[in-house]
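# Structural overview
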Amino acid sequence: TIRLEADVLGANDRIAAANRAHFAAHGVRAYNLVSSPGAGKTTLLCATLQALRQRAPGLPLAVIEGDQQTTRDADRIRATGVPAVQVNTGKGCHLDAPMVAAAFAQLPLHAHDHVHAGDAARGDALLFIENVGNLVCPALWDLGEAAKLAILSVTEGDDKPLKYPDLFAAARLLVIAKTDLLPHVDFDVARCIGFAQRVNPGIEVLLLSAKTGVGMDAWLDWLLQPAH
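Rules behind the numbers
Residues numbered from 1 in each chain as written. Predicted model: local features only at pLDDT ≥ 70, side-chain atom pairs only at ≥ 80, totals over all residues. Heavy atoms only, no water. Helix = DSSP H or I, 4+ residues; strand = E, 2+ residues; numbered from the N terminus. Contact = heavy atoms within 4.5 Å. Polar contact = N/O pair within 3.5 Å; in protein donor to acceptor, adjacent residues only side chain to side chain. Buried < 20%, exposed > 50% of the residue type's maximum accessible area, 1.4 Å probe, protein only. Arc of directions from axis to C-beta. Pairing = 2+ DSSP bridges. Axes fitted to C-alpha atoms, helices over the stretch in contact; angles between N-to-C directions. Salt bridge = Lys/Arg side-chain N within 4 Å of Asp/Glu carboxyl O. Core = buried A, V, L, I, M, F, W, Y, C linked by side-chain atoms within 4.5 Å.

Moving on, we get to the environment of Asn 12. Within the secondary structure layout, Asn 12 lies in helix α1 (residues 2–25). Remark: the alpha-carbon pair of Asn 12 and Glu 130, spanning 118 residues in sequence, is separated by 18 Å. Among residues more than four places away in sequence, those in contact with Asn 12 are Asp 96, Ala 97, Pro 98, Trp 141 and Asp 142. One polar contact links the side chain of Asn 12 to the main-chain amide nitrogen of Ala 97, over a distance of 2.8 Å.

Here it is, written out as C-alpha cells:
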C-alpha cells in the first residue's frame with residue numbers, strides 16, 4: 001500500500017513539476033483554492049475576479065473549476081467574463097496534476113505570450129484552480145500551483161485546523177471567509193488562528209467577507225504581490 005501510494009504520488013508530482021515550469025514559461029501564477037463544500041469558494045472567486053478586473057484591468061485571468069459533477073460553478077465564473085474550464089472528477093475527491101495540465105491546455109492563458117526566464121517568477125497572469133470541496137485529499141496532491149490557499153468559513157467551526165491538519169500545514173494562506181456571519185455563529189477567530197499556527201507557524205491569515213467586501217483590498221494585495 002505504501003509503495004502504491006508513493007508510485008501514484010510520484011507520477012503526479014512529475015507532472016506537477018512540468019505544470020509549474022509550464023506556468024512559469026507563460027508568466028502564470030497559479031493558486032490552488034481548497035475548502036470543504038459550501039465554504040464559499042466560488043462566491044469568493046467570483047467577487048475576486050470582478051474586483052481584480054477593477055484593480056488590474058489588463059491582468060489576464062482564468063479559472064480551472066473542479067467538481068464531481070455539473071458545470072454550475074464554471075458557468076458562474078464565465079458569467080464574470082473570465083474564461084473557465086470545468087473538470088468533473090466523477091467519483092474522484094480531488095484534482096490531480098494531469099487534470100490540471102489538460103485543462104490549462106484549453107485556456108486562453110495557454111496561448112499567453114511567453115515571458116523571459118528572468119521575469120517568469122513575477123507572473124503577469126493569474127490562474128485560480130478551484131479544487132473539489134474536500135479538506136483531506138487535496139492536501140496531498142501537488143498541481144503545480146504557486147501556493148495552496150485554505151478557505152475556511154466561519155460557519156464550519158474554529159477547530160478545523162486541528163481536525164484537518166494536513167491541509168493547513170500545506171497552505172500558504174488561510175482565508176477566514178463569511179466573516180459577516182460572525183455575530184450569528186459560535187466561531188472564535190483568535191482560537192482558529194492559533195490552531196492554524198500550531199500546525200503551520202508560517203501560515204498567513206486574512207479575514208474576508210465576499211458579501212460585504214470587508215477584507216477584499218487586503219486579499220487583492222496578497223494575490224498581486226510579485227512573489228510569495
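Additional details are given in the paragraphs that follow.
The set of residues buried in helix α7 (residues 189–199) consists of Val 189, Cys 192, Phe 195 and Ala 196. Buried residues in α7, looked at end-on, bunch into an arc of 130°, giving them a common side. For α7, the exposed residues set more than 90 degrees away from the buried face come down to Ala 190 and Arg 198. On its buried face, α7 is in contact with β5 (147–153), α5 (160–163), β6 (173–177) and β7 (204–207). Of the residues that open α7, the one with a side-chain oxygen 3.1 Å from the backbone nitrogen of Ala 190 is Asp 188.

Right, let's talk about the environment of Leu 208 for a bit. Following the sequence through the fold, Leu 208 ends up in the loop between β7 and α8 (216–224). Since its relative accessible area comes to 2%, Leu 208 is described here as buried. When the C-alpha atoms of Leu 208 and Ala 30 are compared, they prove to be 20 Å apart, with 178 residues separating the residues in sequence. Residue contacts for Leu 208: discarding those within four places in its chain leaves Leu 44, Val 175, Ile 176, Ala 177, Lys 178, Thr 179, Val 214, Gly 215, Met 216 and Trp 219.

On to the sheet that holds β5, then. Strand order in the open sheet formed by seven strands is β3-β2-β4-β1-β5-β6-β7, and the pairing between neighbours is parallel. Two strands in the sheet have a free side with no partner beyond their single neighbour: β3 (84–88) and β7. Within this sheet the neighbouring strands show an average axis-to-axis angle of 20°, counted without direction. Running over the sheet, helix α2 (residues 41–55) touches β1 (28–34), β2 (61–67), β4 (125–130), β5 and β6 and is turned about 170° from β4. Strands in contact with α7 are β5, β6 and β7; relative to β6, the strand with the most contacts, it is inclined by about 160°.

For the structure on display, the rule yields seven salt bridges. Close ionic contact of Arg 20 with Asp 142 constitutes a salt bridge, the shortest N to O distance being 2.7 Å. Separated by 122 residues along the polypeptide, Arg 20 in helix α1 and Asp 142 in the loop between β4 and β5 bring together distant segments of the chain. Overlapping salt bridges bring together Arg 55, Asp 217 and Asp 221 as one network.

The subject of this paragraph is the nonpolar core. In this structure, Tyr 31, Phe 128, Leu 149 and Trp 219 are the most contacted members of the largest nonpolar core, which totals 31 residues. Of all the secondary-structure elements, those providing two or more residues to this core are β1, α2, β2, α3 (72–78), β4, β5, β6 and α8. For this core, the element with the most residues is α2, which contributes seven residues. The next biggest cluster of nonpolar side chains, apart from the first, holds 17 residues, and it includes Leu 95, Ala 103, Leu 127 and Ile 129.

None of this, on its own, says anything about what the molecule does.
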